[in-house]
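Structure at a glance
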Amino acid sequence: MPDTTLSALAAQLAGKQISSRELAQQYLDRIAALNSSINAFITVDAEKTLAEAAAADALIAAGNAGPLTGVPIAHKDIFCTDGWLTTCGSKMLHNFVAPYDAHVIQRFKAAGMPSLGKTNMDEFAMGSSNETSHFGPVKNPWNPAYVPGGSSGGAAACVAARMAPAATGTDTGGSIRQPAALCGITGLKPTYGLVSRYGMIAFASSLDQAGPMAPSAEDCALLLNVMTGFDPKDSTSLEREKEDYARNLDQPLTGLRVGLPREFFAEGLNNEVAAAVETAVAELKKLGATTVEISLTNSKLAIPVYYVLAPAEASSNLSRFDGVRYGYRAPDYASLDDMYCKTRAQGFGAEVKRRILIGAYVLSHGYYDAYYLQAQKIRRLIADDFNEAFKVCDVILGPTAPGTAFKLGEKSDDPVEMYLNDLYTIPANLAGLPGMSLPCGLDSKGLPIGLQLVGNYFSEAKMLNVAHQYQRATDWHARAPEGLK
Amino acid sequence: MKWETVIGLEVHTQLATKSKIFSGSSTAFGAAPNTQASAVDIALPGVLPVLNKGAVECAIKFGLAIGANLNRINVFDRKNYFYPDLPKGYQISQLAKPIVEGGALKIVVDGAEKTVNLTRAHMEEDAGKSLHEDFHGMTGIDLNRAGTPLLEIVSEPEMRSSAEAVAYARALHTLVTWIGICDGNMQEGSFRVDANVSVRPVGQKEFGTRREIKNLNSFKFLQQAIDYEVRWQIETLEDGGRIEQATVLFDPDTGETRMMRSKEDAHDYRYFPDPDLLPVKLDEPWIEAVRAALPELPAAMQARFQNDYGVSVYDAAVLTGSRALADYFEAAAQACGQGKLAANWVMGELSAALNKAELDIAQSPVSATQLGTLIARIQDGTLSGKLAKQVFEGLWEGAGEVDAIIEARGLKQMSDSGELEKIVDEVLAANPKSVEEFRAGKEKAFNALVGQVMKASRGKANPAQVNELLKSKLQ
Amino acid sequence: MRQALSPDDVKRIARLARIETSDAEAQATQAQLNTIFDLIATMQAVDTRGIAPMAHAQEVYQRLRDDAVTETDRHAAFQAIAPAVENGLYLVPKVIE
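These remarks concern the structure in this document. (Residues numbered from 1 in each chain as written. Chains lettered and ligands numbered in written order. Predicted model: local features only at pLDDT ≥ 70, side-chain atom pairs only at ≥ 80, totals over all residues. Heavy atoms only, no water.)

Moving on to the interface of chain C and chain A. Taken together, the 49 residues of chain C in the interface contact 69 residues of chain A. For the chain C and chain A pair, buried surface summed over both sides reaches about 5,100 Å², with 66% attributable to carbon and sulfur atoms. Looking only at chain C, the three residues that lose the most surface to chain A are M43, M54 and R63 of chain C, adding up to 15% of its buried area. The interface formed by chain C and chain A contains 5 salt bridges. Between E20 of chain C and K342 of chain A there is a salt bridge, with the nearest N and O atoms lying 3.2 Å from each other. At the boundary of chain C with chain A, the tally comes to 20 residue pairs in polar contact (both at pLDDT 80 or more). Elements supplying a minimum of two residues to the side of chain C that touches chain A: α1 (7–16), α2 (23–41) and β3 (89–93) of chain C. (Contact = heavy atoms within 4.5 Å. Buried area = accessible area lost by both parts, 1.4 Å probe. Salt bridge = Lys/Arg side-chain N within 4 Å of Asp/Glu carboxyl O. Polar contact = N/O pair within 3.5 Å; in protein donor to acceptor, adjacent residues only side chain to side chain. Helix = DSSP H or I, 4+ residues; strand = E, 2+ residues; numbered from the N terminus.)

Written out as structure tokens, the structure is:
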């Protein structure tokens, strides 16, 4: 499987050097060869994929192709996909064949991009290592003893292993950026409201946002062009004029002001990660950027705030999984109440149950003000910090995660240790700001290091410009794990 | 000990929108199970709510109609609990910032007016239905009703008797149907009443512990349920017992209330603002447009009827019992120029006939113009009251217009004085005994002679004219 | 200072969330939840007087949908994936009112 960009694949398809069917088949072959060791996909359905590819070929032949028509893509198993098993990584939905398409899926279908399958993920997107999946952990393609990150672990791993040229992910507290960092690919979480959440199984509604995951920033820009857009079925979808996220890719970085939050370079950051990020900053300076130290004082509160708000919303969002209308129902029960309690005890995994309990507790009588309301107030303080920062810089830069990939099982018994992985990614979700991760090095164990950019609202094109210029000057994003057959 | 009853009502009105509050499903009643339950209504994973503008407009209308405060920014919250007819595991409702706060409704009880203040009214979604007939020991769930828009209207605990509670519920029912936000069909559950009832010794300031009677779907049941509940609470207290806060159901068969078994564990609804919905903003041009389109309201119409047509407080309240009735009355009154007479006919002859035939005013076989013409014929002396009733019967049977019926059936009052004089002379000649008695000072004998003349004229003589003629002949 | 969750608290919230939890599970969960609530407790000392709670990322208002029926009957497709249905109804163990 050659390393290739989406624009190169699109050019080959347009030039009839390869058909969409042939291309899809190549990726299906690689999935067939690698998935048993990586476990990146929960569902692969070659017949459906090839049928969609054939339809794309027909579009190309008829001269009705769009920019990415015929390029296949893998979808996180959080997106409802008509006729496809859609599990959200949970036993609760182990048998749920979605009867409708998520808005994001509709957009990729309309763009003529065949689906390669549904990627593995932490159960209901709750996790940072992809170990909470009911369908088993995903292995990091750089070293299968290590986790790929989460929750979009299957998406990141399949792109890193070149089992798919691109993938969709979702990000509630870092679920696109952290696995992108740990797998050495590029991933972007857009401004909240740019991508419709309709059909994306909800974790924390006010934080969830879908985005692209691919080797390069340029790829992500092209995918973002497909994914974004107003959807009347999502009340939080923003009505904005359509923009071309690739339009600024080639602009020079002269005069770019890069904000470096001192809190993101403080205690807890792995030395090798710090060094790689500092090298990247030096690279950007060479490209004409200047740096300014900034402070995001309240960002240290992001984790506690997040672990109140996200579980609160999740506890309510996950109440619909009750064994009545779809999904898992416990086999034996004595009464209606018993059916609810057993279905939910058996259908949900430990981490999901933990978060439901946290959420039910912080919303319960007598605790609401002290937990939920207090967290919402600090959420505003965190967002205000960003507003201040963007008065003196164009983009904020720091590490994506405090370290590189950790070993499978290393943190799975310690929830708090696991939660700290999202220390640098959560603030952008709370503020609703766009954030992205791009590869900026390898550590001494040969594991990828991720660099995070956080931009102001709707500044995706600017961030992609910075990332693309960095990727033109470096080749970290072009590296793929060796030794995968 | 003397006891005082304290009642507050919570009324769930289904809003008369075509589609559901958060989805594009039909709200039509009576469809086959789950055929009007869309992906949003059955809460498939990933679906999201989008608010129906029509539902918000209904709430604005209501707020304006009761003179309430409309919260320019109002917010939807989630009320979390598990129940199989609640597909999401939460109901989308409004807790902290409802769309309507305050306002008042005038009621008339025993001819006296009273004002009942409202606490609030908020938008929310209805639940589905549990069908308890036996499916192998299981319950069947129909989600067609899930997501139907409701306006929950909460009164202050200001009613002091079941009669006041019923008058309030009726006035509210009139208002919501009047302004067209609810079809008012109580059998189909479009207007459901919960009554919070407590008692306290007369003179005590604090409220007693209340019990909530759920889901009363007729005014009769409302009255019966409250009366039973009040008796039960007083007896319990007088026997030295205590009232525990509880939710109860009314059984129309036994006429008693009983505790709901499923509500045994204390609810903790974990309300929080729904993150899938944004704050709702009501802008002034919208509110003003809704205000401009509101019809004249019952209270204003009652005052005007008293003023313009000289009808009593009681009659004005009855005549504005529905918009159709009020419109009928006004059209009839204008057609004859006789407000009081029109009121008597509408509330008397017409209402009796409609009740007997189980017809609604809108289905009346006699039109308002016809009734007005009939009354005009009484006024101009063409018809006596008795003849008028015969003409009314003709109208009811569809025998044609007023004058045609009078003509065809020969119901005209006798206006030819020569003809009448002839009848009077004959009657006087045939009843010498009555004439003698009258001359001897017996007033009763005069009435007997009037009756004889009327009889001989087959009711067509004008009684006033008969009186006059008899008197002159007997002098 | 924060009061630690007891196993009874865990049972109470598990009951609210309709998740069957044995006493042993409640014990284990209690310990884990307490470490998480220790983390959460760090935000409780922050002075937030006068700060408006932030519920949404963007300061926008609810968009309103025109009142029109746009959905069609899809109950056959929806019920094909249901655990138990009969005569178009979803079946659940007997509901007691």
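Residues F124 and L464 of chain A are the most contacted members of the largest nonpolar core, which totals 200 residues. For this core, the element with the most residues is helix α9 (residues 302–317) of chain A, which contributes 10 residues. Sequence-distant contacts of F124 of chain A, that is, excluding residues within four places in its chain, are made with C88, S90, M92, L93, I201, F203, L318, F321, F348 and V352 of chain A. Counting 109 residues, the second largest nonpolar core, distinct from the first, contains F22, C58, I181 and I361 of chain B. (Core = buried A, V, L, I, M, F, W, Y, C linked by side-chain atoms within 4.5 Å. Buried < 20%, exposed > 50% of the residue type's maximum accessible area, 1.4 Å probe, protein only.)

Here the focus is the environment of L395 of chain B. All names here are of chain B. Structurally, L395 is set in helix α10 (residues 385–397). Classification of L395 as buried rests on a relative accessible area of 2%. Ignoring sequence-local partners within four residues, the contact set of L395 consists of P365, V366, Q370, L374, G400, E401, V402 and I405.

Taken together, the 31 residues of chain B in the interface contact 37 residues of chain A. Together, the buried faces of chain B and chain A total about 2,700 Å²; carbon and sulfur atoms form 59% of this surface. Looking at the side of chain B facing chain A, the largest losses of area belong to P45, L48 and F82 of chain B, adding up to 23% of the total buried there. Linking chain B with chain A are 1 salt bridge. The residue D276 of chain B makes a salt bridge to R197 of chain A at a minimum N-O spacing of 3.2 Å. At the surface where chain B touches chain A, the tally comes to 16 residue pairs in polar contact (both at pLDDT 80 or more). Of all elements in the fold, only β5 (77–80) and β17 (272–273) of chain B reach the threshold of two or more residues within the side of chain B that touches chain A.

The next thing to look at is unusual backbone geometry. For the bond running from G150 of chain A to S151 of chain A, omega is 10°, close enough to zero to count as cis. Look at E358 of chain B: it is not a glycine, yet its phi comes out positive at around 50°. Among the structural elements, E358 of chain B can be located in the loop between α8 (339–357) and α9 (368–379). Judged by its relative accessible area of 72%, E358 of chain B falls in the exposed class.

All right, on to the pairing of β3 of chain C then. A regular strand places its side chains so that they alternate between the two faces of the sheet. Within β3 of chain C, 5 of the 5 residues are buried, which leaves the element mostly enclosed by the surrounding structure. Pairing analysis gives 4 bridges linking strand β11 (residues 138–142) of chain B to β3 of chain C, with the strands arranged antiparallel. Bridge pairing in β3 of chain C places M138 of chain B opposite P93 of chain C. Relative to β3 of chain C, strand β2 (residues 85–86) of chain C is paired through 2 bridges, and the arrangement is antiparallel. (Pairing = 2+ DSSP bridges.)

Residue and element names in this part refer to chain B. Its boundaries defined by the atoms lining it, the second largest pocket holds a volume of some 1,500 Å³. Along the walls of the second largest pocket sit 50 residues, with R170, T174, T320, G321 and S322 positioned nearest its centre. Residue assignment for the lining of the second largest pocket shows that the elements contributing at least two residues are β8 (104–109), α2 (162–178), α5 (298–309), α6 (313–319), α7 (323–336) and α8. A per-element tally of the lining of the second largest pocket places α2 first, with 9 residues. By residue class, the composition of the lining of the second largest pocket is 29 nonpolar, 15 polar and 6 charged. (1 Å grid on protein atoms, 1.4 Å probe; cavity = no way out; pocket = protein on both sides within 12 Å on 5 of 7 lines; lining within 4 Å. Points joined across faces, edges and corners; volume = space filled by probe spheres on them. Nonpolar A, V, L, I, M, F, W, Y, C, P; charged D, E, K, R; others polar.)

A few words on the sheet that holds β17 of chain B. The 3 strands are arranged β6-β5-β17 (chain B) in an open sheet whose pairing can be described as antiparallel. Where the open sheet ends on each side, the last strands, each with one partner, are β6 (90–93) and β17 of chain B.

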